[in-house]
Amino acid sequence: MPNNVYNIPVYGKPIELDEQGIYYAINRKTGDINNVFQLVYEGDAKEDQDWYLYQLKNTGKNGEMGWVILADNGDYPLKSVSTEEIKHHFDKPEYAEPKGAWQLMRNSRYGFGKFTPINADENVRFAFILFSGAEMLVPLLILKADDQSLQSLAEPEQ
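None of the values given here were measured: they were computed from a predicted structure. (Residues numbered from 1 in each chain as written. Predicted model: local features only at pLDDT ≥ 70, side-chain atom pairs only at ≥ 80, totals over all residues. Heavy atoms only, no water.)

1. Considering the confidence of the model for the protein chain
In this model, the protein chain carries an average pLDDT of 86, and 83% of its residues clear a pLDDT of 70 or more. Below pLDDT 50 for its whole length, residues 3–9 participates in 0 contacts with residues either more than four positions away or in separate chains. (pLDDT = per-residue confidence, 0-100. Contact = heavy atoms within 4.5 Å.)

Following this line, the structure appears as structure tokens:
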């Protein structure tokens, strides 16, 4: 019996509440952590909940570190980006491989991206993205911190 119903897999997985947490970037030359970010979903009432992106920065007070919200001109929350805008940013030769789908949230200057590869054996990847006006700069690959990496972030250097 012929069947006219086809199961077309959805490759791009949305950014979900489980993605909240600490992310870090590794310096390719030294292997050291050089940037630490935090993705947070927060708000007062159900209607006023938004995603925010923070970066761990030196506060200038005796080497103390603190979380600074990444925003430009008071544009704090990250908003989902349309499929058309994602295609505009990633439909370029430098993003042709590996194949997969991007999900992206941004405010006027900063963004958080999630890449879901077509090949199920490959891991989902995340990126910190900086924007200059309407144009996206090169995404920075970031890794989600697990308990072990969080412990190493908290330990003082010897």
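And the narrative resumes.
2. What about the pattern of salt bridges?
Counted under the stated rule, the structure contains 5 salt bridges. Asp50 serves as the salt-bridge partner of Lys79, at 3.2 Å between the closest nitrogen and oxygen. With Lys79 in strand β5 (residues 79–80) and Asp50 in strand β3 (residues 49–58), the pair connects residues that are 29 residues apart, well separated along the chain. Judged by its relative accessible area of 44%, Lys79 is partly exposed. (Salt bridge = Lys/Arg side-chain N within 4 Å of Asp/Glu carboxyl O. Helix = DSSP H or I, 4+ residues; strand = E, 2+ residues; numbered from the N terminus. Buried < 20%, exposed > 50% of the residue type's maximum accessible area, 1.4 Å probe, protein only.)

3. Quick look at the packing of aromatic side chains
Enumeration according to the criterion identifies 9 aromatic pairs in this entry. For the pair Phe90 and Trp102, a centre-to-centre distance of 4.3 Å together with 10° between the ring planes defines the contact as stacked. In this pair, Phe90 is assigned in helix α1 (residues 83–90) and Trp102 in strand β6 (residues 100–106), connecting sequence segments 12 residues apart. Accessibility classification places Phe90 together with Trp102 in one group, the buried group. Linked through ring pairs, Phe90, Tyr95, Trp102 and Phe115 together constitute an aromatic cluster. One Lys or Arg, Arg106, reaches over the ring of Phe131 and ends 3.7 Å from the middle of that ring. Sitting over the face of the ring of Tyr110, Arg109 holds its NZ or CZ atom 6.0 Å from the ring centroid. (Phe/Tyr/Trp six-rings, centres within 6.5 Å; stacked < 30°, edge-to-face > 60°. Lys NZ or Arg CZ within 6 Å of the ring centre and 35° of its normal.)

4. Comments concerning the nonpolar core
Across soluble globular proteins, nonpolar side chains show a tendency to be buried alongside one another. With 15 residues, the main nonpolar core has Leu39, Phe112 and Ile142 as its most contacted residues. When contributions to this core are tallied by element, the ones reaching two or more residues are β1 (21–26), β2 (33–43), β3, β7 (110–117) and β8 (125–132). Contact partners of Ile142, with chain neighbours within four places excluded, come to Tyr23, Tyr24, Ala25, Phe37, Phe112, Phe126, Ala127 and Phe128. (Core = buried A, V, L, I, M, F, W, Y, C linked by side-chain atoms within 4.5 Å.)

5. A closer look at a nonpolar patch on the surface
Residues Ile26, Ile33, Leu141 and Leu143 make up a contiguous nonpolar surface patch of roughly 310 Å² in combined accessible area. If you trace the backbone, Leu143 turns up in strand β10 (residues 140–144). (Patch = residues over 30% accessible without salt bridge, like charges linked within 9 Å, V, L, I, M, F, W, Y side chains within 5 Å. Areas by Shrake-Rupley, 256 points an atom, 1.4 Å probe, with all protein chains shown as cover.)

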